[in-house]
Amino acid sequence: MTFLNGIAASNGIAMAKAYRLVEPDLNFEKKTVEDSTAEVERFRQAMAKAKSELELIRERAEQELGADKAAIFEAHLLVLNDPELNTPIEDKIKSENVNAEAALKETADMFVTMFEQMDNEYMRERAADIRDVTKRVLAHLLGVQLANPSMISEEVIIVADDLTPSDTAQLNKQYVKGFTTNIGGRTSHSAIMARSMEIPAVVGTKTATEEINNGDFVIVDGLKGEVHINPTPELVDQYKKVHEDYEKQKSEWAKLVNEPTVSADGHHVELAANIGTPNDLKGVIDNGGEGIGLYRTEFLYMGRDQLPTEEEQFEAYKAVLEGMNGKPVVVRTLDIGGDKELPYLQLPKELNPFLGFRAIRLCLEEQGIFRTQLRALLRASIYGNLKIMFPMIATLNEFREAKAILEEEKQKLIAEGQQVADNIELGIMVEIPSTAVLADQFAKEVDFFSIGTNDLIQYTMAADRMNQRVSYLYQPYSPSILRLVKMVIDAAHAEGKWAGMCGEMAGDETAIPVLLGLGLDEFSMSATSILKARSLIKGLKKSDMEQLAQEVLNMQTTEQVVEAINKRIK
Ligand code: PEP
Ligand code: MG
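In this text, all values refer to a predicted model and were calculated from it rather than measured experimentally.

Calculation rules
- Residues numbered from 1 in each chain as written.
- Chains lettered and ligands numbered in written order.
- Predicted model: local features only at pLDDT ≥ 70, side-chain atom pairs only at ≥ 80, totals over all residues.
- Heavy atoms only, no water.
- Donors = N, O, S within 2.8 Å, 3.2 Å for Na, K, Ca; no water.
- Helix = DSSP H or I, 4+ residues; strand = E, 2+ residues; numbered from the N terminus.
- Buried < 20%, exposed > 50% of the residue type's maximum accessible area, 1.4 Å probe, protein only.
- Near = heavy atom within 4 Å.
- Polar contact = N/O pair within 3.5 Å; in protein donor to acceptor, adjacent residues only side chain to side chain.
- Areas by Shrake-Rupley, 256 points an atom, 1.4 Å probe, with all protein chains shown as cover.
- 1 Å grid on protein atoms, 1.4 Å probe; cavity = no way out; pocket = protein on both sides within 12 Å on 5 of 7 lines; lining within 4 Å.
- Sits in = over half its atoms within 2 Å of the grid points.
- Nonpolar A, V, L, I, M, F, W, Y, C, P; charged D, E, K, R; others polar.
- Contact = heavy atoms within 4.5 Å.
- Pairing = 2+ DSSP bridges.

Chemist: Would you explain the coordination of the magnesium ion (ligand 2) in this entry?
Modeler: Octahedral six-donor coordination of a metal ideally yields angles of 90 or 180 degrees, compared with 109.5 degrees for tetrahedral four-donor coordination. At this site the magnesium ion (ligand 2) is bound by Glu431 (OE) and Asp455 (OD), with donor distances of 2.0 to 2.1 Å. With glutamate 431 in the loop between strand 14 (425–430) and helix 15 (433–437) and aspartate 455 in helix 17 (residues 453–461), this residue pair connects regions lying 24 residues apart in the sequence. Both residues of the pair, glutamate 431 and aspartate 455, belong to the buried class.

Chemist: For this particular structure, what's the right way to read the site of ligand 1?
Modeler: Taken together, 16 residues are adjacent to ligand 1, and Arg296, Arg332, Gly452, Asn454 and Arg465 come closest. Arginine 296 is positioned with one of its side-chain polar atoms (N or O) 2.8 Å from an oxygen atom of ligand 1. Between an oxygen atom of ligand 1 and a main-chain N or O atom of glycine 452, the distance comes to 3.3 Å. Contact with the protein chains removes 100% of the 290 Å² of surface that ligand 1 exposes when unbound. The cavity where ligand 1 resides is the largest cavity. Among the elements of the structure, helix 7 (189–196), strand 11 (292–296) and helix 17 are those that each provide at least two residues to the shell around ligand 1. Among the elements that make up the shell around ligand 1, the one with the highest residue count is helix 17 (3 residues). Of the residues belonging to the shell around ligand 1, the class tally is 4 nonpolar, 5 polar and 7 charged.

Chemist: Honestly, the side chain of threonine 435 in this entry has me stumped. Any pointers?
Modeler: Mapping threonine 435 onto the fold places it in helix 15. Note on threonine 435: relative accessible area 0%, which makes it buried. Among the polar contacts listed, one links the side chain of threonine 435 to the backbone oxygen of isoleucine 393, at a separation of 2.6 Å. Apart from the residues lying within four places of it in its own chain, the contact partners of threonine 435 are Ile393, Ala394, Thr395, Ile428, Val430 and Phe442.

Chemist: When you look at the pairing of strand 4 (residues 156–160) in this model, what are you seeing that I'm missing?
Modeler: For a regular strand, side chains alternate in direction, first toward one face of the sheet and then toward the other. By the criterion of burial, strand 4 is predominantly enclosed, with 5 of the 5 residues buried. In strand 4, alternate side chains face the same way, and those of Val156, Ile158 and Ala160 on one face and Ile157 and Val159 on the other are all buried. Looking at chain direction, strand 3 (residues 13–20) and strand 4 are connected through 4 bridges and run parallel. Bridged to tyrosine 19 within strand 4 is isoleucine 158. Sheet analysis places strand 4 next to strand 5 (residues 176–181), joined by 5 bridges and oriented parallel. Bridge pairing links valine 159 to threonine 180 in strand 5.

This is the structure in structure tokens:
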């Protein structure tokens, strides 16, 4: 039995066999072959294996994940069947007497370079397909197995170095019971996705991929942040009990599902949910969400090989608005960049992606992408209570520019005879310190703020949210963060606007009492945290929490703040 310690990223206990989502070693040596005819045959066999594997994956993806996710594999099959790629590889084996691996790689690299340089976006996207297909055929030539997450057909715990948001988007919740990764923190997007999928996760274990083999029996303890590999039967029994107790606790909280969130002295706040896709709606309703405080639309753009159309987006937004039945839905426009990549956009690699060309910066430059999204949102606005929010706003000019584009699209739609709601609130994420500092000026122009503490903390403390070595600096309870939060809430209230928070801090038990005291109006969190938060708030008096907030704002260190909160609450 082996034990790993990590960061508890998503609550609950999961037990199942391990499935490693780890890239195999695809290195090889270029060699001369004696029998080139036999080598061509070996290449053809690898191609045939790759083809039947891809057909199976496509079929499975279509059944389980939908036609849009399956389209990637359709494109891969087209590449695989293309004689323009295959013939030159076979010719190379014959004319140069090289091994199939080298002929495949060299020919494919040549096509990839050629396609990447083309002006046509469609052709540039084909380069990524060729790269993927080459990898698959190469794996068969080398006799190693690529991980195929969409082929999982039994209950598993995913083990990976890291899970990108697009990896996570491809996981089927029916089979994926939990996951554990080497890197990441509580606010890395894989952790956030795990919470929205309601699967237990432990991230940042450092060595999960070294210690865990395919098929090992694994317990993921997402309550404590522990991973047990091939545990003793006694430990399994203990964990069954922990799981039962946790389920019991959850059914206690579940009694609050239809209740409003009111403090012990009668102050109402809104507890909303963060979602990534319309599929998350059920979790929001089951957990008594009073609205959606953050719909991260970037997941609509991931796990596929081209941008979603206006129509696809319209359908997704409409589904969420209708599903929430008139309750508020805050949709955030595309926040790509940082750890959320879209390979098909082929953006140049950056040294500091979290500080780079991302989110609103990209949208204001690539206006075609932005305008399509805004049109889809505006058209969907008549189906519910839509609020639109721009991410990563650093200056008033960015907000004004984005607002003007929205207004232009609105006027165009009206001129086309389309219906658009006329009461759409327009807000911003406050996740860059410059905006928090200037919140009083922003408050005159926006309808609401939503404080994005996941980024606000990393930018304020200059501590990467994904980097464990600096996680001691990444502290929501630091008086500096609390003061910024206060500035934003006070600025909103001074202009009669509302202030919410959609960073993970909003669902954090230690932070909630202080946030209540600071006057936060809306707390948006993973759906699975809502009932627990409601139960906590019902037991607190806002007037007491105002005093507590006042106290901690004047403290010097995070430790003092945590101690004061614990003393008061427990
Ligand atoms: C945030 O930064 O707090 C936030 C909610 O956005 P994301 O986690 O998607 O960056
Ligand atoms: Mg953010």
